[in-house]
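# Structural characterization, general
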Amino acid sequence: MANETIFIGLGSNEGDRLDFCERALRLLQLMPRSRVTGVSSYYETEPVDPYGVLGTGWFINGVVRMETTLSAGEVLALCQEIECSLGRNNSHRIGPRTIDLDLLCYGQHCIATPDLVVPHPRLHLRRFILVPFAEIAPQWRHPVAQRAIHELLACLEDQHQVRRLDVLPGSRYPSHPVTCLS
Ligand code: AMP
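Counting from 1, residues in each chain are numbered in the order their sequence is written. Given that this is a predicted model, residues contribute local features only at a pLDDT of at least 70 and side-chain atom pairs are listed and counted only at 80 or more, while totals for whole chains, interfaces and linings are drawn from all residues. Only hydrogens and water are removed before side-chain values are computed, so all heavy atoms of the structure are retained for them.

### Structural notes on the overall build of the chain
Put simply, the rule is: Strands are runs of DSSP state E lasting at least two residues, helices are runs of H or I lasting at least four, and both sets are numbered from the N terminus onward. We compute the radius of gyration from the C-alpha atoms alone; for a globule the expected value is 2.2 Å times N to the 0.38, where N is the number of residues. Classification of residues uses two cut-offs on accessible area relative to the type maximum, computed with a 1.4 Å probe and protein chains only: under 20% is buried, over 50% is exposed, and between them is partly exposed.
A tally of helices and strands in the chain yields four helices and eight strands. The helix and strand sequence of the chain, counted from the amino end, reads β-α-β-β-β-α-β-β-β-α-α-β. Here the chain has a C-alpha radius of gyration of 16 Å; the compact-globule value for 182 residues is 16 Å, and the two agree. Here the C-alpha coordinates of the chain stretch approximately 60 × 35 × 35 Å along the principal axes. Evaluated residue by residue, the chain yields a buried proportion of 44% over its 182 residues.

### Comments concerning the layout of surface pockets
What counts here: Site definitions follow a grid-based scheme: protein atoms alone, a 1 Å grid, a 1.4 Å probe that fits but cannot get out for cavities, and for pockets an open set with protein on both sides within 12 Å along at least five of seven lines, plus lining residues having an atom within 4 Å of a point. Grid points are joined across faces, edges and corners, and a volume is the space filled by probe spheres set on the points. As a working rule, the residues Ala, Val, Leu, Ile, Met, Phe, Trp, Tyr, Cys and Pro are called nonpolar, Asp, Glu, Lys and Arg charged, and the rest polar, with Gly in that last group.
Estimated volume of the largest pocket: approximately 940 Å³. In terms of lining residues, the largest pocket is bounded by 38 residues, among which Arg-97, Asp-100, Asp-102, His-120 and Arg-122 are the most central. Within the residue set of the lining of the largest pocket, elements represented by two or more residues are strand E1 (4-12), strand E4 (59-68), helix H2 (72-85), strand E5 (100-106) and helix H3 (127-136). In terms of residues, the lining of the largest pocket owes the most to one element, E5, which gives five residues. Its residues placed into classes, the lining of the largest pocket shows 20 nonpolar, seven polar and eleven charged.

### Structural notes on helix H1 (residues 17-29)
Filter applied, for reference: In this analysis, the expected span of each helix is defined as 1.5 Å times one less than the number of residues it contains. When checking whether two residues touch, look at their non-hydrogen atoms; a contact exists if any pair is within 4.5 Å.
Between its first and last C-alpha, H1 extends 19 Å over 13 residues, near the 18 Å set by a 1.5 Å rise per residue. Considered for burial, the residues of H1 that qualify are Leu-18, Asp-19, Phe-20, Cys-21, Glu-22, Ala-24, Leu-25 and Leu-28. Looking at the buried positions of H1, the neighbouring elements they touch are E1, strand E2 (34-39), E4, H2 and E5.

### With respect to the nonpolar core
The condition is simple: In these notes, a set of buried Ala, Val, Leu, Ile, Met, Phe, Trp, Tyr and Cys residues joined through side-chain atoms within 4.5 Å is what counts as a nonpolar core.
Membership of the largest hydrophobic core comes to 27 residues, with the highest contact counts inside it found for Ile-8, Leu-10, Leu-28, Leu-101 and Leu-103. At the level of elements, E1, H1, E4, H2 and E5 are the ones that each hand at least two residues to this core. Residues contacting Leu-101, with those up to four places away along its chain left out, are Ile-8, Gly-9, Leu-10, Ala-24, Cys-79, Ile-82 and Glu-83. Listed in part, the 14 residues of the second largest apolar core include Phe-7, Leu-123, Leu-130 and Ile-149.

### Observations regarding the side chain of Arg-127
Definition in use: Positive: Lys, Arg. Negative: Asp, Glu. His and the chain ends are not part of the count. Just to be clear on terms, a salt bridge is a Lys or Arg side-chain nitrogen sitting within 4 Å of an Asp or Glu carboxyl oxygen. Any N or O atom pair separated by 3.5 Å or less is treated as a polar contact, with the protein-specific requirement of one donor-capable and one acceptor-capable atom, and with residues adjacent in sequence counted only for side-chain atom pairs.
Position of Arg-127 relative to the elements: it lies in helix H3. Look at Arg-127: it is buried, it has no salt bridge, and the nearest opposite charge is Asp-158 at 5.2 Å. A distance of 2.7 Å separates a polar side-chain atom of Arg-127 from the backbone oxygen of Asp-158. Among all residues touching Arg-127, those that are not within four sequence positions of it are Pro-132, Leu-153, Leu-156, Asp-158, Gln-159, His-160 and Val-162.

### Looking at the environment of Tyr-42
Position of Tyr-42 among the secondary structure elements: in the loop between E2 and strand E3 (43-45). Judged by its relative accessible area of 1%, Tyr-42 is buried. In sequence terms Tyr-42 and Pro-169 are 127 residues apart; their C-alpha atoms lie 6.9 Å from each other. Of the polar contacts made by the side chain of Tyr-42, one reaches the side chain of Glu-22; its length is 2.5 Å.

### With respect to unusual backbone geometry
A cis amide bond links Val-118 with the next residue in sequence, Pro-119, at an omega value of 0°. Along the polypeptide, Pro-119 turns up in the loop between strand E7 (117-118) and H3. The backbone of Arg-33 shows a phi angle near 55°, a positive value even though the residue is not glycine. On the basis of relative accessibility, which here comes to 48%, the residue Arg-33 falls in the partly exposed class.

Now the structure itself:
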C-alpha cells in the first residue's frame, strides 16, 4: 500500500489530561508501518458542547502528523485500541473522555463508510482542531473544502477559546534509542 500522510487529533478532558495525551502520543509513535513526523503544541481549549454533555472541564488538544502504509481502517482500529488501553469508557461515548483520537485526514482521500468519515466532518469548523493543525501543516489542503488549513482558520466562525500550553509534547515519555546488548 502507498505511503500516506495522515493527521490525528488528540483530546482529553478527564483525569490527568496532559498525561493521557502524552501516553497517547507515545503509543502513536509505536504504531506499526508508521512514523510520527510532526507534533503540535498542546492547547487548553474551551469545550464545544452544544448539547451540554461534555462537562465543564476544558480539554487539552493537539494534532499529530504521521506517515503510514496502513489503510485508513487499520489506523482507526489502532486509534480505538489506544483509546481503550487508556481507559476510554465506551458506555458513555458522548460524556467526558480520558482520550479521544480522531483521524482528521488520510492523505487527500475522501472516505464515507458507516464507521469512518474522512476528512473528519467537523475538522473545518473547530478552532481546537484548526489551530494545532495549522501550527504543523498550514499549507495542507483540505480535500473537500479545497482550501489550505491556514485559510480555513482565517475565516473560521468558531470563537471558542484556544490557549497554547507551555509544555514540550513528548517530554513525559520520551522514546529512547535502541541500545545494542551484545
Ligand atoms: P468519538 O466519540 O468522536 O470518538 O467517535 C467515535 C466514533 O466515530 C466511532 O464509532 C468511529 O467509527 C466514528 N468515526 C467516524 N469517522 C471517524 C474519524 N474520522 N475518526 C475517528 N472516529 C470516526
